[in-house]
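# Examination of the molecular architecture
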Amino acid sequence: MTRMKLFSLFAALALAGGVNAQVSPERLLNAKAEPGDWLLYHGNYNGQRYTTLNEINQQNVGNLELKWIWQVRSRGGSAEKFEATPLVFDGVMYTVSPPNDVIALDPKTGRVFWTYNYTPDQNARVCCGRVNRGLAVHGDTLFMGAIDGHLLAIDRISGQLKWDVSIGDPSLGYALTVAPLVIGDKVIVGPAGGEYGIRGFIAAYDVNNGAELWRFNTIPGPGEAGFESWEDPAQEAWKLGGGSIWTTGSYDPELNLTYWGVGNPGPDWNGDSRPGDNLYTDSVVALNADTGELAWHYQFTPHDEMDYDATQVPVLADMVWNGNQRKVLMFANRSGVFYVIDRTTGEFLLGKPFVAVNWMDGTFDEKGRPNRVLSPSPEGTLIMPNNQGATNWYSPSYSPETNLFYVPTWVDTYSVYTKRPGPVQYVPGQTYVGMYPSMAVPALAARLINQRIPEEGTGAIQAIDPNTGEIVWRHVMTDVTSSGVLSTATNLVFAGGREGIFYALNARTGDELWQQRLGGEVASGPMSFELEGKQYVAISAGGSLFVFGLRE
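Everything in this summary refers to the structure shown in the same document. What you see is a predicted model; the values in this text were computed from it and never measured.

## Points about the pattern of salt bridges
Counted according to the given criterion, the structure contains 31 salt bridges. The shortest N-O distance in the salt bridge between Asp318 and Lys327 comes to 3.8 Å. A salt bridge links Arg343 to Asp318, with the nearest nitrogen and oxygen atoms 2.6 Å apart. Of this pair, Arg343 sits in the loop between β21 (337–342) and β22 (348–353) while Asp318 sits in strand β19 (residues 315–321), placing them 25 residues apart in sequence. Judged by relative accessible area, Asp318 falls into the partly exposed class, the value being 46%. By sharing partners, the salt bridges in this structure join Arg27, Glu34, Asp37, Asp90, Asp140 and Arg156 into a single network.

Structure below.
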């Protein structure tokens, strides 16, 4: 960084009162008191992606205009997907240019204050794009996970590296694409890599030096609770069991529990070598934030062979649910089912499909276990939803104003799953998945022209009533979506899609109120911030970051 750029950043921070400001654990706990800032990946610990800022409303949203654009300038030219949600606080915006360059920007003009360039190990391998979903902050330190399995701490004023620790061997598939979560003096992450035969975990590291403080193995080993779900231990399938993490969890300070969705078992599409339920894959786990001890879990898809990762966002809310005040966790699962769970006890409260589903019959036993009726077969089995799922890592939203849950959805898709005879062979560093299913809607085809007929599936933003699981409205797109959702106190919903359109919708009806064509796939979560009394909305799409505000 040049001296002039560093001076400019200090000047900006001084104007914002931020040179001496620290993003303390208390500030993170009280993020609701700072609606003009966006301090965490989801905006708040509860995962709601909801803003109380109210300058932009249904009457004036049609006057939104583009204020500035920042384009990806990664040295490797990696702009296949721009999935990061920026943080904004103390007058500075921070984001990650794919795959792993950290950028400090002026949120008013888009001017770059500094760039921290990181070159991942050439052995890094990721199944689904060289991407990063964002940052976390503690004090004057930013935290980023890299695709080669490194967790980095970067000085937010100077852009200089403070420390760097490796959490796993990148040549074996250990990668970090998740935005970290800071709780107290801990920064929490987990590795992606379930398609390469990793053994997943969630771990907390000391914010000061990167020392590991606790670890919860998402694939339990001998002597750990849940190990019995990996039947026939002689096969040692648990050692290659997957259970990866690539979506940021949530946190309830009152219960001191942090909630994380866990990915699929390995190999993905052939479970012959791993009989049993395969805990804690395809589950949400509730962990003590101080110790990592498991409080409870719920498994959405026992013995998954459809790649129905539960790497979706656990959304927390305190609400009147069916007449009783409850602390609930809402979860729109990749399997096509929307869930409500008591987040104190893990009690199953509701499970209801929100798209066409045929892998289960829509019923559950008394403990909430789904009644599965279809599996992959040698002759091929058509299963709904498809391998990509009804939704995925892209963030939903919950509005306390409307009491509706908003979920980006792949509607009525299907795959044909064919099981090859015999076990899948593990080769270190190579994919460990089984036979890839066929489908009309490719998961990673952002640059292909959409030539599908409607019967083969489409994208939509859906509003769900958490008390019933019923769909209140559906905003249908011409293509599928990897966009997150933002809801506002003024009854707006912001979202986008693969077709490159960014929308503002009526949060109660789904009616479109405004749109802007951005040209590239929207594969990130919108966020909102305030600067000098004016509200802005930011979204990454294609290879650029766009910031919108009201016309003056």
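## Quick word on the sheet that holds strand β16 (residues 257–261)
With antiparallel pairing, four strands are arranged side by side in an open sheet as β15-β16-β17-β18. Only two strands of the sheet have a single neighbouring strand rather than two, namely β15 (250–252) and β18 (294–299). Put simply, the sheet's adjacent strands are angled 20° from each other on average, direction ignored. Sheet analysis places strand β17 (residues 283–288) next to β18, joined by five bridges and oriented antiparallel. Residue pairing for β18: Val285 is matched across the bridge by His297.

## Comments concerning the layout of surface pockets
Estimates place the volume of the second largest pocket at around 620 Å³. Lys32, Asn44, Tyr45, Asn46 and Gln48 are the residues nearest the centre of the second largest pocket, which is lined by 29 residues in total. At the level of elements, β1 (50–51), β15 and β19 are the ones that each hand at least two residues to the lining of the second largest pocket. Sorting elements by how many residues they give to the lining of the second largest pocket places β19 first, with three residues. The class makeup of the residues in the lining of the second largest pocket is 12 nonpolar, eight polar and nine charged.

## Here we look at the packing of aromatic side chains
As enumerated under the stated definition, the model contains 26 aromatic pairs in all. Between Tyr45 and Tyr251, the ring centres sit 5.1 Å apart and the planes meet at 75°, which makes this aromatic pair edge-to-face. Of the two residues, Tyr45 is situated in the loop between α2 (25–29) and β1 and Tyr251 in strand β15; the sequence distance between them amounts to 206 residues. Taken as a pair, Tyr45 and Tyr251 share a single burial class, namely buried.

## Quick look at the side chain of Ser415
If you trace the backbone, Ser415 turns up in strand β28 (residues 415–417). Sequence-distant contacts of Ser415, that is, excluding residues within four places in its chain, are made with Thr381, Leu382, Ile383, Asn386, Asn387, Pro437, Ser438 and Met439.

## Thoughts on the environment of Leu505
With respect to the helices and strands, Leu505 occurs in strand β34 (residues 501–506). The exposure class assigned to Leu505 is buried, which follows from its relative accessible area of 1%. With 303 residues separating them in the primary sequence, Leu505 and Ile202 have C-alpha atoms 36 Å apart. Sequence-distant contacts of Leu505, that is, excluding residues within four places in its chain, are made with Ile461, Trp473, His475, Asn491, Leu492, Val493, Gly510, Asp511, Glu512 and Leu513.

## Regarding the pairing of strand β8 (residues 141–145)
Extensive coverage of β8 is indicated by the burial of five of its five residues. The side-chain alternation of β8 yields two buried faces, one formed by Thr141, Phe143 and Gly145 and the other by Leu142 and Met144. Relative to β8, strand β7 (residues 136–138) runs antiparallel, the two sharing three bridges. By the bridge assignment, Val137 is partnered in β8 with Leu142.

Thresholds applied
- Residues numbered from 1 in each chain as written.
- Predicted model: local features only at pLDDT ≥ 70, side-chain atom pairs only at ≥ 80, totals over all residues.
- Heavy atoms only, no water.
- Salt bridge = Lys/Arg side-chain N within 4 Å of Asp/Glu carboxyl O.
- Helix = DSSP H or I, 4+ residues; strand = E, 2+ residues; numbered from the N terminus.
- Buried < 20%, exposed > 50% of the residue type's maximum accessible area, 1.4 Å probe, protein only.
- Pairing = 2+ DSSP bridges.
- Axes fitted to C-alpha atoms, helices over the stretch in contact; angles between N-to-C directions.
- 1 Å grid on protein atoms, 1.4 Å probe; cavity = no way out; pocket = protein on both sides within 12 Å on 5 of 7 lines; lining within 4 Å.
- Points joined across faces, edges and corners; volume = space filled by probe spheres on them.
- Nonpolar A, V, L, I, M, F, W, Y, C, P; charged D, E, K, R; others polar.
- Phe/Tyr/Trp six-rings, centres within 6.5 Å; stacked < 30°, edge-to-face > 60°.
- Contact = heavy atoms within 4.5 Å.

Don't take any of this as a statement about function, it's just geometry.
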